[in-house]
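# Structural characterization, general
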Amino acid sequence: MSATTAQAQVAARASPASRGLPAIPWNRQALARLAPWAVPATLMIIWQIAAQAGWLSSRILPEPLAVLRSAWSLAASGELWEHVRVSAWRATSAFAVGGGLGLLLGLLTGTFRQAETLLDTTIQMVRNIPALALIPLVILWFGIDEAAKLFLVSVGVFFPVYLNTFHGIRSVDKGLVEMAKSYGLSGWALYRDVILPGALPSILVGVRFSLGLVWVLLIVSETISAQSGIGYMTMNAREFLQTDVVLVGILLYALLGKLADVLARTLERTALRWHPGYQ
């Protein structure tokens, strides 16, 4: 039997029809992928019609085409990409620091009762302090350099990862742990093969939430005497009443937040292939 014939037989056995499952038509797949964009597209069309009909003042809310022209002009000059690069670096760095610390402390307090007793109460007290309320203190500590912006965003993204990691560790099915112990698993092997996979869905929920929150906090942190970034571009445009550029910045945050959410969902589907809820 040739290699081509063998591959064809394997592909036939792997097809949905060979397993008794109905094949999904291509047009239904395309519609399923386009459906989430139906509401934004409809809103854009209504917005454009309302602006052209004169129901919306261009000074208050310019038409979408004017916003697109401004975005194209900023992109062609290179200014837009520089602001996006700086903001993306800040978001990535702050998420790495805050999310990484949240993961480590969540694993620590979720695994060891002594660590929970020692640390969790303090963390919960700090959690109830709004990150934005720390701005005056952060300026006194770090000045107006990059460290101040990174600290604010890191503090904000720390808590969702911490709480979901702690909850995930404590929510692992005790029956699975006992069954694994009866098969001889213990120590690091038990933690790696049973406890961490059981906590992973909750941990990834915290990661997904933090990836969205990072952009919410970033726009505020970039108003602290920044010289670049999407937040700086937006606030600078406000000073000159450039509403179209302000909307470019707002839409950029929305698109980057959606991109972060897509990355988080891809990570979930990849890391949780074994989980029935993600198949």
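Structure report, in brief. (Residues numbered from 1 in each chain as written. Predicted model: local features only at pLDDT ≥ 70, side-chain atom pairs only at ≥ 80, totals over all residues. Heavy atoms only, no water.)

This next bit is on the nonpolar core. Counting 31 residues, the largest nonpolar core has Leu80, Val153, Trp215, Ile230, Met233, Val248 and Leu252 as the members making the most contacts within it. Counting only elements with at least two residues in this core, the list comes to helix H4 (64–77), helix H5 (79–111), helix H8 (146–170), helix H10 (187–221), helix H11 (230–239) and helix H12 (243–271). Sort the elements by how many residues they give to this core and H12 lands first, with nine residues. Those residues in contact with isoleucine 230 that lie beyond four places of it in its chain are His83, Val84, Ser87, Glu222, Gly249, Leu252, Tyr253 and Leu256. (Core = buried A, V, L, I, M, F, W, Y, C linked by side-chain atoms within 4.5 Å. Buried < 20%, exposed > 50% of the residue type's maximum accessible area, 1.4 Å probe, protein only. Helix = DSSP H or I, 4+ residues; strand = E, 2+ residues; numbered from the N terminus. Contact = heavy atoms within 4.5 Å.)

Before going further, it helps to spend a moment on unusual backbone geometry. Positioned with a positive phi, leucine 241 is a non-glycine residue whose angle comes to about 55 degrees. Inspection of the secondary structure assignment puts leucine 241 in the loop between H11 and H12. In this structure leucine 241 comes out as exposed when scored by relative accessible area, which is 62%.

You can see leucine 263 is positioned in helix H12. On the basis of relative accessible area, leucine 263 is assigned to the exposed category, the value being 55%. Along the chain, leucine 263 and arginine 208 lie 55 residues apart, while their C-alpha atoms are 8.6 Å from each other.

Positionally, serine 221 belongs in helix H10. Each residue touching serine 221, except ones within four places of it in the same chain, is listed here: Lys149, Leu152 and Val153.

On to the pattern of salt bridges. In total, this model carries nine salt bridges according to the counting rule given. Put simply, glutamate 63 and arginine 69 hold a salt bridge, and the shortest N to O gap is 3.6 Å. Accessibility expressed as a relative area gives 52% for arginine 69, which makes it exposed. Residue aspartate 193 is joined to arginine 192 by a salt bridge in which the shortest nitrogen-to-oxygen separation is 3.0 Å. Classification of aspartate 193 as partly exposed rests on a relative accessible area of 39%. (Salt bridge = Lys/Arg side-chain N within 4 Å of Asp/Glu carboxyl O.)

Moving on, we come to the side chain of serine 202. The residue serine 202 is located in helix H10 in this model. With relative accessibility at 14%, the residue serine 202 sits in the buried group. A polar contact of 2.7 Å, which involves the side chain of serine 202, links it to the backbone oxygen of asparagine 164. Here serine 202 is in contact with Asn164, His167 and Gly168, once residues within four sequence places are set aside. (Polar contact = N/O pair within 3.5 Å; in protein donor to acceptor, adjacent residues only side chain to side chain.)

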